[in-house]
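# Examination of the molecular architecture
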Amino acid sequence: MAILIGPMDYFRHGHYYEEYDFTQIAEEDWKDQISLENEAYEMEFSPIKYYLNGFSIFLYNQPEDNEGSLVLTITDEKGKVIDSTKVDLSKPQAGKWYKTYIDSNLKKDKVYKLQFTVHDCKYYPYLQNVDDDYLPEETQSGSILIAYSYAQPTFTFQERSMIVLLILALILMLIGGLIPERKKILNSIAIVIFLTLNLSWNYMHNSMDNANTSFDTYQHDSEGLTSSVIYAEEDGIYFSDAEERGYGLGRYYDLKGAMTSYNLEYTTDEDWNQGYSRTIGAIFVSKNPYSEEVIKEGNSIKFSNGEMFQITNVEERKINETTWNYIVYLNTEFTLSPLKYGSLDNAEIYNSNGDRLSRSKVTAYASQYGLQGKIFRHLARYMETENEISNLNLICSILTASIFVLIVFIISQKYNKLMAGVYYVTFWLSPWIVNFARNTYWVEFTWFIPMLIGLLCSWKINRKECRLLSYFLAYISVLVKSLCGYEYISVIMMALIAFLIVDLIISGVTKNKEMGVLQFKAIVIIGVAALAGFMTAICIHASLKGQGNILEGISEIIEKDVLRRTTGADYNDYEISDIDNIWVINSFNASVWAVYNVYFKFSTEIITGIPGNLFPLTCIIPLILFVGDYYKKKVVVEHIAMYVAFFLTSISWFCLAKAHSYVHIHMNYVLWYFGFIQTCFYVIVDRIVKIHKKNNMEKSE
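Because the structure is predicted, anything quoted here is derived from the model rather than measured. (Residues numbered from 1 in each chain as written. Predicted model: local features only at pLDDT ≥ 70, side-chain atom pairs only at ≥ 80, totals over all residues. Heavy atoms only, no water.)

This brings us to the nonpolar core. Core analysis: the largest hydrophobic core is formed by 117 residues, its most contacted members being Ile407, Phe448, Tyr488 and Trp672. Not counting chain neighbours up to four residues away, the residues in contact with Tyr488 comprise Phe436, Trp442, Trp447, Trp653, His660, Met667, Asn668, Val670 and Leu671. Counting residues in each nonpolar core, the second largest holds 26 residues, with Tyr41, Leu70, Cys121 and Tyr150 among its members. (Core = buried A, V, L, I, M, F, W, Y, C linked by side-chain atoms within 4.5 Å. Buried < 20%, exposed > 50% of the residue type's maximum accessible area, 1.4 Å probe, protein only. Contact = heavy atoms within 4.5 Å.)

Now for unusual backbone geometry. Unusually for a residue other than glycine, Val443 sits at a positive phi of about 35°. Looking at where Val443 falls in the secondary structure, it is placed in the loop between helix H10 (431-437) and helix H11 (445-459). The phi torsion at Tyr488 lies on the positive side, around 65°, for a residue other than glycine. Tracing the backbone shows Tyr488 in the loop between helix H12 (464-483) and helix H13 (489-509). Accessibility expressed as a relative area gives 0% for Tyr488, which makes it buried. (Helix = DSSP H or I, 4+ residues; strand = E, 2+ residues; numbered from the N terminus.)

Another aspect to go through is empty space enclosed by the protein. Counted according to the given criterion, the structure contains 2 cavities of 30 Å³ or more. Size it by volume and the second largest cavity reaches roughly 30 Å³. For the second largest cavity, the full set of lining residues is Phe626, Asp629, Val635, Val636, His639, Ile640 and Arg687. Of all elements in the fold, only helix H18 (615-631) and helix H19 (637-656) reach the threshold of two or more residues within the lining of the second largest cavity. Classifying every residue of the lining of the second largest cavity gives 4 nonpolar, 1 polar and 2 charged. (1 Å grid on protein atoms, 1.4 Å probe; cavity = no way out; pocket = protein on both sides within 12 Å on 5 of 7 lines; lining within 4 Å. Points joined across faces, edges and corners; volume = space filled by probe spheres on them. Nonpolar A, V, L, I, M, F, W, Y, C, P; charged D, E, K, R; others polar.)

Moving on: the layout of surface pockets. The method is simple in principle: a probe with the dimensions of a water molecule rolls over the atoms, and the space it marks as empty is what remains. Looking at the largest pocket, its volume works out to about 1,100 Å³. Taken together, 37 residues line the largest pocket, and the ones lying closest to its centre are Pro153, Thr156, Phe157, Glu386 and Asn387. Of all the secondary structure elements, the ones that give two or more residues to the lining of the largest pocket are strand E11 (146-153), helix H2 (157-178), helix H3 (183-205), helix H4 (220-234) and helix H8 (388-414). Class assignment for the residues of the lining of the largest pocket results in 15 nonpolar, 12 polar and 10 charged.

Here we come to a positive patch on the surface. Taken together, the side chains of Lys78, Lys80, Lys107 and Lys110 present a region of like positive charge at the surface. Residue placement: Lys110 occurs in the loop between strand E7 (97-101) and strand E8 (112-119). Residue classification places Lys110 among the partly exposed positions, given a relative accessible area of 33%. (Patch = residues over 30% accessible without salt bridge, like charges linked within 9 Å, V, L, I, M, F, W, Y side chains within 5 Å. Areas by Shrake-Rupley, 256 points an atom, 1.4 Å probe, with all protein chains shown as cover. Salt bridge = Lys/Arg side-chain N within 4 Å of Asp/Glu carboxyl O. Lys, Arg positive; Asp, Glu negative; His and termini not counted. Charge placed at Lys NZ, Arg CZ, Asp CG, Glu CD.)

What follows concerns the sheet that holds strand E5 (residues 69-75). The strand order E6-E5-E8-E3-E10 describes an open sheet built from 5 strands, whose pairing is antiparallel. Only two strands of the sheet have a single neighbouring strand rather than two, namely strand E6 (81-88) and strand E10 (139-141). Strand-to-strand twist across the sheet, computed as the mean angle between neighbouring axes with direction ignored, equals 30°. Bridge analysis of E5 against E6 gives 7 bridges, and the strand direction is antiparallel. Bridge pairing in E6 links Leu72 to Thr85. (Pairing = 2+ DSSP bridges. Axes fitted to C-alpha atoms, helices over the stretch in contact; angles between N-to-C directions.)

In this section: the side chain of Ser227. Tracing the sequence through the fold places Ser227 in helix H4. Non-local contacts of Ser227, meaning those with residues more than four positions away in its chain, are made with Met259, Tyr262 and Ile389.

Printed below as a string of structure tokens:
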């Protein structure tokens, strides 16, 4: 099964025909017809994808009472018959597509011959020749109107990868049953793989939460900053300004617009067809930094069929408050169609001197260094273009899931399996964790690596080598996170020391002075290491901002990035007439208390099945339990310490980055999942379990 699903990609389905609307073919582009009365017709084709499994043919002279059969025979270059299919000539209708099917496994990019022969017919059918501009890419010779169909793989590459890993995990468990002395370690590896894949699958497909309707397009605009540099490299372009070079993220522009979504399309309505005018020789494209440079009178546009037209006039058209388009008039009296002239994505633009201009533009995103863009752009070079973004999403999903599983494992060892289970379920079913997990801009796994490192240090604090390793890893992890963006950095650095603070509080209450001193030193050193990592990232970024002058760059980062996200920006830098600035200005005026109140009212389910309006109650119930324990003199210091430590961790960004939190309400609820929601759930579930055990004991007595 692993081989069938994995390397063989055996499972596939459907006949997806790539027929097109032949009514769009211009009258002058219909050519002669080919009668099959006297001899067979032969052409060559080459599949452009895997799993070609049929043809759509177009026949003329097909009366309803026709008889006989049309045979389509496929041979290889040596004349060996690969497959054949027979069409009952009483079924196809003249002037319409007719679908045929084949069973052979034709290879992608290999050239085959297709022969049409007629047997015992009453009326001989005709094949229709058309202008070469309308021929599918598969057609290598011949000019007949024909389309091709393909089966689609049942599983995507990403699904196949995860399913094969799951099968391998099951195999490990089976092997463990055959080798008793290796059973424990093999089962442990299998369980880790299973837990990781379970999270990864949900992060890729959101399979556990139908209410999470924002998943499919969540933060596409941010992820576009990563995708942009990948697409730009494929177009052979780079940042045009010298001061932009060195950044890893950018915004990609082409004739469709800015890369803020994967769903950008050219306009199609009653006036336009995929950006082509239905009535005049003109096209309709986005007005953006790229088109402003290339869409000019006197320049020319060369379409994918090779025809070129000069731009005679450019007219701006307002779409809404923030969007403008260009109507581009061309020196032709005929209307153009995407069927003949191809997608505008494939159009080339030339200046008045005949020099070909770039097909897109990318501008740097200078608010951060953009390490993730540099890494993913490099990885994408080794991937198929059509799968590169999905593959990168899979990498992010698996890395995020792996970090969570490691956190859960250490919690199970340091605390108990109940707490570990609560953490796992929360990581699995939180709509906010799920939405961010696969995103190539946010790289969520970098948020939680510091928490994992701090937890490791807390767990093995008595071992000097573990402490030293934790200090080093804290520096590296915060450095990497900061190079990928400064968002949520206060929460991330607090999460690094949260478990150590909990341990320090317990040591203080139990008066374990020796352990307390050790924990305090660890907190200070690991905190300093984290700050050093943050400052290193700032300096690296500042060297780009200041074009080599680090101090000037730091000053610019503070003025343009830090103050804008906190409370200290100069109001004079923001025009109130700009609708985008109104939110920013309001964020400066809002109080920290007002911002905090917004995030106390949850906008989604807390986890799948638990509505968001229960969030205040989820926070308050542990406090009620703590008060009850105090009066009963049964205080669990560990629970209280966790509640306080992770509460302060989560709200640190709401307070320190008040302006950012005010504007980004659609994102920042995720900060509650840095241990606080898990702690609330754990305290409640732990109390329920204890009550249940107590009742069972009383019944047994």
